Amino acid sequence: MTKVGIVSSQTAKFRKSSNSSIFDLACEPCIHILKNNNLSKRDVEAIVFSSCSNEQYSSTIISEMLGLKPRISNRIDNLCNSGTNAIISAFSYIIAGLCDSVLVVGAEKANTMGSKLLWDVTRGSFNSPIHWAAIFANAHMTRYGTTEEQMAMVAVKNYTNAKKNPKALFGKKNITVSDVMKSRKIIDPLKLLDCSYLCDGASALLLMSEERAKKFTDSPIWIKGFGQQTSAASFSRVIDQPSMDAAKLAARDAFNMSKINSLSIDVAEVHDAFTILEILAYEDLGFIEEGKGGNFVNQDRIAINTRGGILGCGHSVGATGIAQTTEIVSQLSQKAGGRQVKGCKTGLVHNLAAAGTSATVIILGVD
Amino acid sequence: VLIEVQEFFDYLRKGEFWVPTCISCKKKVWPPYRHCSVCLSKTKLRKIKGKGTLVEWTTSHLKNIQNKFGIVDMSGIKVLGSISGEPITRGMRVRMTKCGISDNGIPYYHFEPD
């Protein structure tokens, strides 16, 4: 089987809001990739756009704006999981032999429909993401003794990492555990600084078949394996345990496909839209046993959320999964600047949507 | 929202909680759909007793919202609703005392100790 490599990646600076349209946002990282790689427009044979925006015909409009005439142009909408799903779709087109290169781009406006979740009548008026996140946090605290301080430590770690990322929305914020604990209570046990912030953003990747990638660059970052799982759409169908089955199954498949185990991961981007979700991710990915995620926050075996995570960078829903992946690509390419993890060779991306009803795990490597 | 089960919303608007039940395997289908997601047979709405167990709950500090809410397991279906009454404890028996659709079109469910 041919391999699929990532040959170029770019994330635009995340902003609280902007006058840019979703299309202008999406074009920004793509223009950077097209201009800085001496690419002919014919080199882009497919485009996959990731967004929860309700704009019609969006991937095709972006193609036109960039002057591309791709054979394949479509859009993926799977809430927060859209970006990672778009990468897997692009991978599939290449593996299937439909094309040799795919531009994957994600973009979102801060006021996205992706945070509304209107279909889920099982949660009545408690219909914001923070309602289910608070329930998961409470359940984890009750069952395993996880503390609010441990969750606060996730926020401190990720905001601190964001200071080394010029693209992060909150790159200048200094916070301590005490600041998180004293921040405004929203829904117990979650406080303002336990929560991510919806923002404008965009991110893009260029994927190529092995043969094409090797012609294009000496050091592609390879997609070694992935897993995707959809378990339900509604919160009430996945709330049995303070863990996320979809993420566990996606991780199992990704490790099997890549023949890499969790101990070999050097760097990881995990979904931290709320601090508790990073703790759940440690457990669901097998970094530590179930129930002990709270003790894993300050470990130094794996560098986690080096770009600042969703907490530090802001949550640009359709762009998030792609921005997470661009960070792992930068790290493995040894191009992460001041936040470079020395000698890292294997990385992982973990992403979720809507209370963990669906999840994706992607494993990347240098060879 | 879910046009297929418009009747569910019609009852809810009148303050009644009717849940689709599979005409073949008899399982409750939640959220409400026109067909059973287990055996794919048609469903029929049935009024249910509204009693259940409080699985998990917490307190909201947001304005304009009932401040205590939780997940109630009503014989196999789980509903997120507001809770009133004291004391509130995990595992307690509760019953749905109110439900409906608010002015903004969002459903609501309210529980009290049984």
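Residues numbered from 1 in each chain as written. Chains lettered and ligands numbered in written order. Predicted model: local features only at pLDDT ≥ 70, side-chain atom pairs only at ≥ 80, totals over all residues. Heavy atoms only, no water.

1. Some points on the packing of aromatic side chains
Tallying each qualifying case throughout the model produces 16 aromatic pairs over all chains. Judged by centre distance (4.5 Å) and plane angle (15°), the rings of F126(A) and F69(B) are stacked. Taken together, the residues span two chains, with F126(A) in the loop between β4 (101-108) and α4 (129-144) and F69(B) in strand β4 (residues 68-74). Between W132(A) and F274(A) the ring centres are 6.0 Å apart and the planes differ by 80°, which places this aromatic pair in the edge-to-face class. With W132(A) in helix α4 and F274(A) in the loop between β9 (267-269) and α9 (275-284), the pair connects residues that are 142 residues apart, well separated along the chain. The same class applies to W132(A) and to F274(A), which are both buried. Of the aromatic side chains, those joined through ring pairs into one cluster are F8(B), F9(B), F17(B), W30(B) and Y109(B). Its end group placed over the ring of Y197(A), K16(A) keeps NZ or CZ at 5.1 Å from the ring centre. (Phe/Tyr/Trp six-rings, centres within 6.5 Å; stacked < 30°, edge-to-face > 60°. Helix = DSSP H or I, 4+ residues; strand = E, 2+ residues; numbered from the N terminus. Buried < 20%, exposed > 50% of the residue type's maximum accessible area, 1.4 Å probe, protein only. Lys NZ or Arg CZ within 6 Å of the ring centre and 35° of its normal.)

2. Describing the pairing of strand β3 (residues 51-59) of chain B
All names here are of chain B. As defined by bridge partners, β3 adjoins strand β6 (residues 93-101) across three bridges and the pair is classed as antiparallel. Note on β6: the bridge partner recorded for K51 is R95. As paired elements, β3 and β4 share six bridges and run antiparallel to each other. From the neighbouring strand, L54 faces β4, where its bridge partner is V72. (Pairing = 2+ DSSP bridges.)

3. Brief notes about the state of the cysteines
Using the criterion set out here, one finds zero disulfides over all chains in the structure. C344(A) takes part in no disulfide bond, and the closest cysteine sulfur, belonging to C313(A), lies 17 Å away. Of the residues examined, C344(A) reaches a relative accessible area of 2% and is grouped as buried. The closest cysteine sulfur to the non-disulfide-bonded C22(B) is located on C39(B), 3.3 Å from its own sulfur. (Disulfide = S-S within 2.5 Å.)

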